[in-house]
Amino acid sequence: MKRILSMLLAVIMVFGMFPITAFAEEVQSTPEAKITFTTDAGELKVGDTFSVTATLSENPGYASVKLSLDWNEAVVKFNGFAEIWDEDEEAMVIDTTLSGTIVVNNEAGVITVGRTTDRTKNGKLFTANFEVVGNGEAGISLKKEIGTDFVFANAAEEDITVVFDETDIENIVITAPVIIPVTGVEILEVANNEIFEGEKLQLTAVVSPENATTDKTVVWTSSDNSIATVDENGLVTAVKKGNVTITATCGEFSDTCEIIVKCNHSWKDATCTEPKTCELCGETEGEALGHSEVVDEAVEPDCENTGLTEGKHCSVCGEVLVEQEVIPATGHKWGAVSYTWNGTESCVASRKCLNDNSHAETADSVSVTSEVVKEATCTEKGQTEYTAEFAEDWAGEAKKTVADIPVADHTEVIDEAVEPTCTETGLTEGKHCSVCGEVIVAQEVVAALGHTEVTDEAVEPTCTETGLTEGKHCSVCGEVIVAQEVVAALGHTEVVDEAVAPTCTETGLTEGKHCSVCGEVLVEQEVIPVTGHTEVIDEAVEPTCTETGLTEGKHCSVCGEVLVEQEVIPALGHIDENDDYICDRCGEKLCTEHTEVIDEAVAP
């Protein structure tokens, strides 16, 4: 879409003033002014900016013209004017608004430019800025507004022909560019990738393809800037010893180069504890020299001065190898504090050190106080305790007791009489001093009265209870005169109740015991259950021709009781079916007649 902006550029064109008489003498041809329209646009794509410039030449004199500036809004965007007339030489640009329409002197579309000198001045009228927003023809043109003419500012008011030259901007065409993407980036190999601290190494990255149209900016980075840095142009600067990876990145592609930074060694000589060492990188050579030991002798402590343990130091570097430890002063070992009194008025404390008798201390008391510790009695003086106090803590306090209180008189107290009892004597009334206890009137002993005896009868013991012997006691005071002694219980007279063994049919009893005197059961007999029969099978006996048989039976092997009685099975008898006098069953020979034989008797 082509948009025409009625940008009325009222340009005050300054032409030379011709004398009026000149028109009377000759016929003048129509004056011409030339406006050339140029651009700085080259090959453009969306987002690019460019400008167009209108220039006045062959100016015949002072005149004005209204111009219109047109463009295709779908392809380019008007971004306002960069310059209007030559402002450095008295040009008067009163106001501009770069919004598509120029407003000057409150008149839309008009720019009024006036000059006070050199009215035939040629030069740039304006420069307008544009931005590419689409593809196609820009359609930029500068034309004289329809119906307007250049008009001289003098009385002649002659028309002026305007000649436009727009050949430079007729073919501003924006086409979509061919996009050729980046396909890789490569860091060119260097002759030597080892450099020393402080040195520089130029790396070069090549982006493929060479004619790529997308962003071919290469970003350089170092894996450790403390070892080596790299600037935006690939210039590597070594910082300290170490290995570092330099990376060149273009879009999503990258390549790396390993750089080895070497140290310019500055060697420090070996010491007792350290080998020869580079002060820059810390690299070492050889071994430490080792210390030269010197013994620092021990110092014994005393009461007031600390000591030292044995130590060692290096005579070369002075390093302490075995530190001497401070042994605290032994301190005074003070003996017991002794005190010397000056009467009861003052006291001196003193002590000596048991480690060194020459070390001694004394202290004078700062005060002495007194306290009665024992009142005077009827027989003895009272006592006063004197206490001396010292400013020094070690002196503690000293005490001294003096018997300096006079004796006192007796204080009589009556000692009441005591009545005698059965066993204890009594006392007559007496007197003593309540203070000192001295007897003033002695009490005399009254004899004891004696007991009134009563007999306590004996008690016979039984099987389970103890008895008592005969005793005596006093019926007045209840005191036991003859103690009753305990007679032990007689105990049971045991008789064994014999055990009864159980049988197959009757229960038994365990062994028990009872007392034959009182009949008490001592060990109860417990019932033993019946044992039950122990069955034995009596096997059946088959009958023969001449002997009876028996059925199967059962009896108890313990008591012999028949549990299942055997029944007699009759003899089978001989069978002689073929009359040969031989039993067909047992084979015995049969007789027709018996021949008796006497079996003789046997005397018992």
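Residues numbered from 1 in each chain as written. Predicted model: local features only at pLDDT ≥ 70, side-chain atom pairs only at ≥ 80, totals over all residues. Heavy atoms only, no water.

The next subject is the side chain of Thr277. Note that Thr277 resides in strand S24 (residues 276-278). A residue is classified by how much of its surface remains accessible, and Thr277, at 17% relative accessible area, is buried. At a separation of 2.6 Å, a polar atom in the side chain of Thr277 contacts the main-chain carbonyl oxygen of Pro275. Setting aside anything within four residues of it in sequence, one finds Thr277 in contact with Ser266, Trp267, Lys268, Gly282, Glu283 and Thr284. (Helix = DSSP H or I, 4+ residues; strand = E, 2+ residues; numbered from the N terminus. Buried < 20%, exposed > 50% of the residue type's maximum accessible area, 1.4 Å probe, protein only. Polar contact = N/O pair within 3.5 Å; in protein donor to acceptor, adjacent residues only side chain to side chain. Contact = heavy atoms within 4.5 Å.)

Let's shift gears to the sheet that holds strand S19 (residues 228-230). Taken in spatial order, the 3 strands make up an open sheet running S16-S20-S19, and their pairing is antiparallel. Edge positions in the sheet fall to strand S16 (200-202) and S19, since each has one partner strand and no second. Neighbour-to-neighbour, the strand axes of this sheet turn through a mean angle of 20°, independent of strand direction. Relative to strand S20 (residues 235-238), S16 runs antiparallel, the two being bridged by 3 bridges. Bridging from a neighbouring strand, Gln202 pairs with Leu235 of S20. (Pairing = 2+ DSSP bridges. Axes fitted to C-alpha atoms, helices over the stretch in contact; angles between N-to-C directions.)

Looking at the secondary structure, you find Thr384 in strand S34 (residues 382-390). A distance of 2.8 Å separates polar atoms of two side chains, one belonging to Thr384 and the other to Asp404. If we ignore the near neighbours within four places in the chain, the residues touching Thr384 are Ser370, Glu371, Val372, Val373, Lys400, Thr401, Val402, Asp404 and Ile405.

Attention now moves to a negative patch on the surface. Together, Glu577, Asp579, Asp580 and Asp584 make up a region of like negative charge exposed at the surface. Tracing the backbone shows Asp579 in the segment after strand S55 (568-569). (Patch = residues over 30% accessible without salt bridge, like charges linked within 9 Å, V, L, I, M, F, W, Y side chains within 5 Å. Areas by Shrake-Rupley, 256 points an atom, 1.4 Å probe, with all protein chains shown as cover. Salt bridge = Lys/Arg side-chain N within 4 Å of Asp/Glu carboxyl O. Lys, Arg positive; Asp, Glu negative; His and termini not counted. Charge placed at Lys NZ, Arg CZ, Asp CG, Glu CD.)

Glancing now at the nonpolar core. Phe37, Phe50, Phe130 and Ile140 are the most contacted members of the largest nonpolar core, which totals 25 residues. Every element with two or more residues in this core is listed here: strand S2 (32-39), strand S3 (49-57), strand S4 (61-72), strand S5 (76-84) and strand S8 (123-132). Tallying contributions element by element places S8 first for this core, with 5 residues. Discounting chain neighbours no more than four positions away, the residues touching Phe130 are Asp48, Thr49, Phe50, Val52, Leu69, Trp71, Val76, Lys77, Phe78, Asn79 and Ile140. Membership of the second largest hydrophobic core comes to 22 residues, among which are Val185, Ile195, Leu203 and Val244. (Core = buried A, V, L, I, M, F, W, Y, C linked by side-chain atoms within 4.5 Å.)

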